[in-house]
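Residue-level structure breakdown
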Amino acid sequence: MTASPKVWAILAMSTLESTQALTSFDVHGAANPSSAPSRRPGAMVSAELAMHLLRQMVVIREFEVRCMQAYQDKKIGGFCHVYIGQEAVAVGCTAAIRPSDPMVTAYRDHGHALARGMSANACMAEMFGRVDGCAKGKGGSMHMFDREHNLFGGHGIVGAQIPLGVGLAFACKYEDEVIHERKSDRVALAFLGDGALNQGAFHEAMNLAGLLNTPAVIICENNGYSMGTSIHRGTTMGHNLAAKAAAYGIESAVVDGMDVLSVYESMSLICDRARRESRPAFVDMRTYRFKGHSMSDPRKYRTREEESQYEAGDPITTMKGRMIEAGMLTNEAFKSILREARAEAKASVEFAESSPVPAITELHTDVFVEPWGRYTGSSDPKMLGGARREPSFRAIENSEGLS
Amino acid sequence: MSVREIEYRDALNEAMSEEMRRDKRVFLLGEEVAQYDGAYKVSRGMLAEFGERRIIDTPISESGFAGMAIGAAMMGLRPIVEFMSWSFSLVAADPILNNAPKMLYMSGGQFGCPIVFRGNGGAGGQLGSTHSWCVEGLYSNVPGIKIVMPSTPYEAKGLLKTAIRDDDPVFFLESERMLGTKGEVPESEYLIPFGQARIARAGKDVTLVSFGRPVLFCLEAAETLAKEGISCEVLDMRTIRPLDIGSIVKSVRKTSACVVVDQSWSFASPGSEVAAQVHAACFDDLDNFVHRVHTVDVPTPYATELEQEYLPSARRICEAVRACLYRA
C-alpha cells in the first residue's frame, strides 16, 4: 500500500516561510488539504464499511442532538461539549485501528466513546449522573472511560491527555517487547483540540514521543477555535501545524476531517506506518464544530456566513451523497438509518432517566484500589483504627514479608 | 539472617532493584537516572543491570514524563518516576494531582494508577527558596494518593518495596540530607505496611509525632529532654496518608501531651491535620492543646544560619515540649 502525497504531506522547511493570504472563511488558513488526492477517496472502503461509517456518524449526530435537549432540560449538569460537525474524525479514526489499540481524548468525547463501541445508554446515563453510566456517574460528560473498548478517558484539562497518550503507546511497546519479547504492532491514538497546541503538555509529549520512538498517533482535531479564540489569534504557524511536528522530528499529515473516507484512509496508512516503524505521527485534522464550544456559547466570535459555508460540507451529507452516487445507498435506506439512530438516541435518554442514581455509598468507593478505611475528615473519631488495614499485595504469594 | 549497615540511598536502590527483578512491569524513569547513574546516585548500577529499556533517561520535562508514566500505569505497567527534587514536581502538578489520584474515581473504578513518584524533598542544603520544597504540605490535601516519608534506611527500603507493589499512586518523599545516612538493614526481604507508625523511642510524658527527617530531630530533642527528666515517646509515622491516627491516640492517652513536628509550613499542613484529629479524638485526655513545630512561615532562606533557624530543630522541639508541659 503506497501512501498518497496527500497523506504524507511532509513540508519542506522553505514552506515554513510562506504565509499565504487567508480566504475570508478559511478558519484554518493556508496549507489546507487542497493538494488533489492522487485517487478518488473511498478506494480502500468496502460497501459494508462505508455503511458502518455513515451509520456511526448519524448515531453520534442524533445522540448529540438529544444531549443538547437534555442539557437544556437540566437533565445533564456541568459542562457539556457536543461533537456535531466533527463526527467524521472519531468515526474514521476508530475504524482505522484495532480493538487492542488504546486511545485517549479530551473533553469533547461523546463521539469518541460511541465510535469506540460504548453503548449510547452508558454514555447518556453517565451524563445524567446515573449508576449505569460508563463510570457509574462519577465522571460526567468530559470523562468517558471504557476499559472494555480500550478508551482511556475523556480528559478535562486542555492538553493533559497528550502525555497520557504517549504513555499508552510507550506501554504497548514495553509490554510487547520487554515483557513478552515480541515485536509490538500496536498504536495508541491521542486526540487533542487545536486549543491544546499551546499547552506545555503538548510540546513535552511531542518531544518524548519523538525521542522514545513511541507508536503514538497524535491527532489535532483542528476545528479552528479554542473556545472563542480563532487559531490565528492564539497559535503561531497555525496555518502550518506540520512545522510543529517537524520541530520534534515527527512526520505529519494534513487530513480533511470533514470527509470520513479521507480520515479512514489516511489514518489507516498513518497507523500502519506507526505500527511498522514504531514511530509517532502527527495529524492536522481539519474540521469544524457546527455548535458552540459548550452549551453556553453564543458564537459571537465567528460569522453565520462562515458557519453556513462549513455546514455545506457536512460530513454526513457528503458521505451520503457519495454513497448514493456509488449506488451503495438509496434515499429510503438513509431514512431508515436516520430513524434507527433517532430511536437509539431517544432510547438512551429513556434508559438514563430510568437508571438509578448512584447509592450514596458510592461517594466513598474507587478512591483507592487498596484502601485503609474511609477517610471521613478530621473531626470524626470514627476513622480511628481505619489506618490498621494492611495493603493486600495482590501480586505476592502468601503473606510474604508482612509483619 | 544477617544485618548490615548501608546508606539510605543504597536502601532505596536495593528496594527498586529487587522489585525490578521480581516484576518486569516495574521500570524507572527520570532525569539522569541511567547514564549519569542517578543525580544523587540512588540508581547507581541499575542501567548496567536492567538496560536502557527499563532504566530510562528523560529530558528535563517533568510534566511530560510524569504524564507519560501515568498513561503507562493506566495500561498496567508499574513505573517508578524519579523527580530529582520534589521541588520540580510543581511543574508536573497537573498530571500528578489531577490525573494520577483521580483516574480510579472518575473512571468509576475502571482504570487505576499503580505508580510511584519519588525524589528528594525538604530544605537544609542551602538550595534556596525554589529548590527546598516540602511538598507534603501541599499534596497531603489531595485524596487518592498515599504519601510516604521514610526516616531511616530500614524504613526507606521496606516502605519503597511496599510502594512499588501498591496498586495506588504513591508519593515517596526522600531527603537529600539523609541519602548518606547509614543504618541497619536486613539482608533478607521485608516489607513495611503503610499506615503503621513505629515507636522510635518509648516514653511516658509527651508524645512527639513526626514524619521523615524531623523524626531524627525529635530523637535528638528526646535525648536532651531526658536529662531534664522529661520522657518523650517519639512516633515515626512513616506515612502521612494513610495516617495511623490510632497509634497517635494510643500514645496520647498514655502521655496526655502531644507535640507535632512537621517540616512543612504550618498553615493547612499535615501537622495541623494531626493536631485537629488529636483534639477531636483525645479532647478529654489532653493536659494542654497540641503544640506544633514547623518550618518558619517564610520562603526558604539561603544563609546557613537563617536556614537552620527556619527548619524544625531539636532546640525548637525542646522549647515546644517544655511549653506543652508547662515547664517553659
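Residues numbered from 1 in each chain as written. Chains lettered and ligands numbered in written order. Predicted model: local features only at pLDDT ≥ 70, side-chain atom pairs only at ≥ 80, totals over all residues. Heavy atoms only, no water.

Looking at the overall build of chain A
- On a plain count of helices and strands, chain A comes out with 12 helices and eight strands.
- By the burial criterion, 55% of the 403 residues in chain A qualify as buried.
- When contacts within chain A are restricted to residue pairs at least 6 apart in sequence, long-range pairs at least 24 apart make up 75% of them.
- Summed over its atoms, the accessible surface of chain A is roughly 16500 Å², and 52% of this surface lies on carbon and sulfur atoms. (Helix = DSSP H or I, 4+ residues; strand = E, 2+ residues; numbered from the N terminus. Buried < 20%, exposed > 50% of the residue type's maximum accessible area, 1.4 Å probe, protein only. Contact = heavy atoms within 4.5 Å. Areas by Shrake-Rupley, 256 points an atom, 1.4 Å probe, with all protein chains shown as cover.)

So, the packing of helix α9 (residues 245-255) of chain B against helix α10 (residues 270-281) of chain B
Residue and element names in this part refer to chain B.
- Packing of α9 against α10 leaves a shortest axis separation of 10 Å and a crossing angle of 60°. The angle between α9 and α10 places the two elements in the oblique class. Handedness of the crossing formed by α9 with α10: right-handed. In contact with Ile-245, Ile-248, Val-249, Val-252 and Arg-253 of α9, α10 contributes Val-274, Gln-277, Val-278 and Ala-281.
- Partitioned by chemical class, the residues of the contact of α9 with α10 number seven nonpolar, one polar and one charged. (Axes fitted to C-alpha atoms, helices over the stretch in contact; angles between N-to-C directions. Parallel < 35°, antiparallel > 145°, perpendicular 65-115°, else oblique. Left-handed = near helix turned anticlockwise from the far one by under 90°. Nonpolar A, V, L, I, M, F, W, Y, C, P; charged D, E, K, R; others polar.)

Side note on the domain arrangement of chain B
All names here are of chain B.
- Looking at chain B, the domain boundaries give domain 1 (5-184) and domain 2 (198-324).
- Inter-centroid distance (C-alpha atoms) of domain 1 to domain 2 is 26 Å.
- Residue-level contacts link 30 residues of domain 1 with 27 residues of domain 2.
- Together, the buried faces of domain 1 and domain 2 total about 2300 Å²; carbon and sulfur atoms form 55% of this surface.
- When the buried area of domain 1 at its contact with domain 2 is split by residue, Gln-126, Met-149 and Ser-151 rank highest and sum to 26% of it.
- In this structure, Arg-198 and Glu-155 form a salt bridge, with 3.0 Å as the shortest nitrogen-oxygen distance. (Domains from an automatic or database assignment. Buried area = accessible area lost by both parts, 1.4 Å probe. Salt bridge = Lys/Arg side-chain N within 4 Å of Asp/Glu carboxyl O.)

As for the sheet that holds strand β11 (residues 232-236) of chain B
Residues and elements named next belong to chain B.
- The mixed open sheet is built from five strands, whose spatial order is β9-β11-β10-β13-β14. Every interior strand has two partners, whereas the edge strands, β9 (198-201) and β14 (291-293), have only one. Each strand axis lies, on average, 25° off the axis of its neighbour in the sheet, ignoring direction.
- Of the pairings in the sheet, the one linking strand β13 (residues 258-261) to β14 comprises three bridges and is parallel in character. Each bridged residue has a counterpart across the sheet, and for Val-260 the counterpart in β14 is Arg-292. (Pairing = 2+ DSSP bridges.)

Considering the sheet that holds strand β1 (residues 103-105) of chain A
All names here are of chain A.
- Spatial strand order, β2-β1-β3-β4-β8-β7: six strands in an open sheet with parallel pairing. Two strands in the sheet have a free side with no partner beyond their single neighbour: β2 (151-154) and β7 (251-256). Strand-to-strand twist in this sheet, taken as the mean axis angle between neighbours without regard to direction, amounts to 15°.
- Strand contacts of helix α2 (residues 87-95): β1, β3 (188-193), β4 (216-222) and β8 (281-286), with the helix running at about 170° to β3, the strand carrying the most contacts.
- Together, β3, β4 and β8 form the strand contacts of helix α6 (residues 200-211), whose direction differs from that of β4 by roughly 150°.

Overview of the pattern of salt bridges
Residue and element names in this part refer to chain A.
- Per the stated rule, a full pass over the model turns up 53 salt bridges over all chains.
- Here Asp-366 and Lys-138 are joined by a salt bridge, their closest N and O atoms 2.9 Å apart. Here Asp-366 is found in the segment after α12 (331-354), whereas its partner Lys-138 is found in the loop between α4 (120-127) and β2, with 228 residues between them in sequence. The residues Asp-366 and Lys-138 share a single accessibility class, namely buried.
- A salt bridge links Glu-175 to Arg-186; its shortest N-O distance comes to 2.9 Å.

A closer look at the interface of chain B and chain A
- Taken residue by residue, the interface counts 61 residues in chain B and 64 residues in chain A.
- Interface area, chain B with chain A, both sides summed: about 5600 Å², of which 63% is carbon and sulfur.
- In terms of surface lost to chain A, no three residues of chain B exceed B:Met68, B:Met75 and B:Tyr105, which account for 14% of the buried area on that side.
- For the pair chain B and chain A, the interface holds three salt bridges.
- For A:Glu181, the salt bridge identified is with B:Lys24, shortest N-O distance 3.0 Å.
- Broken down by secondary-structure element, the contributors of at least two residues to the side of chain B that touches chain A are β2 (26-30), α3 (62-74), α4 (93-99), α5 (103-106), α7 (153-165), α9 and α10 of chain B.
- No other element matches α3(B), which puts 10 residues into the side of chain B that touches chain A.

A short note on the environment of A:Ile157
- Topologically, A:Ile157 is positioned in the loop between β2 and α5 (161-179).
- The exposure class of A:Ile157 is partly exposed, given its relative accessible area of 41%.
- Spatially, the C-alpha atom of A:Ile157 lies 15 Å from that of A:Ala205, the residues being 48 residues apart in sequence.
- Discounting residues that sit within four places of it in the chain, A:Ile157 has contacts with B:Asp94 and B:Asn98.

Focus on the nonpolar core
- Counting 86 residues, the largest nonpolar core has A:Ile218, A:Phe282, B:Ile96, B:Phe117, B:Phe171, B:Ile248 and B:Val278 as its most contacted members.
- Tallying contributions element by element places α5(A) first for this core, with 11 residues.
- Beyond its immediate sequence surroundings of up to four residues, B:Val278 is in contact with B:Ile245, B:Ile248, B:Val252, B:Cys258, B:Phe283, B:Leu286 and B:Val290.
- Core analysis: the second largest hydrophobic core is formed by 76 residues, A:Leu49, A:Ile60, A:Tyr83 and A:Val91 among them. (Core = buried A, V, L, I, M, F, W, Y, C linked by side-chain atoms within 4.5 Å.)

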